[in-house]
Amino acid sequence: MKTLICYFSGTGNTKKVVEYFGEQFKANGCDTTIISIDKEIEIDFTQYDSIGIAYPIHAFNAPSNVVAFCKKLPKLKEKKQLYIIKTSGEPLKINNISSTKIRHILKRKGFILNNEYHYVMPYNMIFRHSNAMAYRMWDTAQKLISVDCKEILAKKKVKLSFFPFPNLISWIMRIEHWGGRLNGTKYSVNEKCIHCGMCYRNCPTQNIKVDEDGNFHFGKKCLMCMRCSFFCPTDAFKIGFFNSWKVNGRYNFNDPDNHEQKSHKNFCKNSYKKYFKRSEEKISSNS
Ligand SMILES: Cc1cc2nc3c(=O)[nH]c(=O)nc-3n(C[C@H](O)[C@H](O)[C@H](O)COP(=O)(O)O)c2cc1C
């Protein structure tokens, strides 16, 4: 059995999840190739039995580069099993519509969706979760992944629950795709910038340019992935209209006792509770 996972990750959550899938697939005897869609590459799908597409949810949709990647894929000569992996900051059911667009595209190209999984990971925008919450999310995701990868290998069909008007809502919310591009032109850096170059070297769309005098120029290709502002070592970024939602700095996923949290302590409290309960039930019924 050979599988390929193509992923996009702005700030590392989806990458972390995908890499753990890779470990678990390998532990179950499945040869796994993982590629980031940041760089354009030719893929020979004929060598794989199944294909995974993974992304972070942006405004209840897949990010625009993931949609573009799916559009560019060739029509398969032979149908292939598809699984979709998503991460997001909150467990609301409306997130289930995020794959609506790419599911239609991929179906036309011969990909047969068999499994779809959603893992809640700490927010990289809107507000900062506590490290204790990040620890709990990651711990839960790992336990779920070890069950979920067996379901994929066993070709057990798993779909996320239905949310009403998926086409209409996800179409409206794709306003984020061009809104993000517009907002990206409003980014700026302040005097805290130490010109380390991390932001422009790592931007997935090369949207950040710095001229000879050290002035920053932001183009119209921003994906709002937050990689530049999240990893900025001096928190020098202003992210346009959404600056009050900025989250800066890596999470420590190994610190279950650190409950420090800046805001939104009760945001979607019940849906997080339900997510952990549902996950625990699935994990314990499979152990
Ligand atoms: C522009 C943007 C929009 C987002 N929209 C949503 C959303 O609609 N629902 C949600 O639960 N999380 C949302 N998030 C949070 C991310 O999906 C979440 O933090 C994800 O795990 C980040 O993954 P990454 O580190 O691989 O980029 C959004 C984040 C960004 C930057």
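Rules behind the numbers
Residues numbered from 1 in each chain as written. Predicted model: local features only at pLDDT ≥ 70, side-chain atom pairs only at ≥ 80, totals over all residues. Heavy atoms only, no water. Helix = DSSP H or I, 4+ residues; strand = E, 2+ residues; numbered from the N terminus. Contact = heavy atoms within 4.5 Å. Buried < 20%, exposed > 50% of the residue type's maximum accessible area, 1.4 Å probe, protein only. Patch = residues over 30% accessible without salt bridge, like charges linked within 9 Å, V, L, I, M, F, W, Y side chains within 5 Å. Areas by Shrake-Rupley, 256 points an atom, 1.4 Å probe, with all protein chains shown as cover. Salt bridge = Lys/Arg side-chain N within 4 Å of Asp/Glu carboxyl O. Domains from an automatic or database assignment. Buried area = accessible area lost by both parts, 1.4 Å probe. Polar contact = N/O pair within 3.5 Å; in protein donor to acceptor, adjacent residues only side chain to side chain. Nonpolar A, V, L, I, M, F, W, Y, C, P; charged D, E, K, R; others polar.

> Account for the environment of Lys282, with residues named and values stated.
Summarising the element assignment, Lys282 is placed in helix H9 (residues 269–285). With 135 residues separating them along the chain, Lys282 and Val147 place their C-alpha atoms 8.4 Å apart. In contact with Lys282, other than residues within four places in its own chain, are Tyr117, Leu144, Val147, Asp148 and Glu151.

> Before we move on, could you go through the side chain of Asn115 and cite the residues and values that matter?
Tracing the sequence through the fold places Asn115 in strand S5 (residues 111–120). In this structure Asn115 comes out as buried when scored by relative accessible area, which is 0%. Other than its neighbours up to four places away in sequence, Asn115 contacts Gln81, Leu82, Tyr83, Ile84, Glu151, Ile152, Lys156 and Val158.

> Before we move on, can you summarise a nonpolar patch on the surface with the specific residues and values?
Together, Phe165, Leu168, Trp171 and Ile172 give the surface a local cluster of nonpolar side chains, amounting to about 500 Å² of exposed area. Examined against the element boundaries, Trp171 turns out to sit in helix H5 (residues 166–173).

> Give me the lowdown on the domain arrangement of the protein, citing residues and values where you can.
In terms of domain boundaries, the protein breaks down into domain 1 (2–171 + 275–285) and domain 2 (178–245). Each partner contributes to the interface: domain 1 provides 12 residues, whereas domain 2 provides 12 residues. Between domain 1 and domain 2 lies a buried interface of about 1,100 Å² when both sides are counted; carbon and sulfur atoms form 61% of it. In this structure, the connection of domain 1 to domain 2 is made through one salt bridge. In this structure, the salt-bridge partner of Asp38 is Arg227, at a minimum N-O distance of 2.9 Å. Our count for the contact surface shared by domain 1 and domain 2 stands at four residue pairs in polar contact (both at pLDDT 80 or more). Within the side of domain 1 that touches domain 2, the residues separate by chemical class into four nonpolar, seven polar and one charged.

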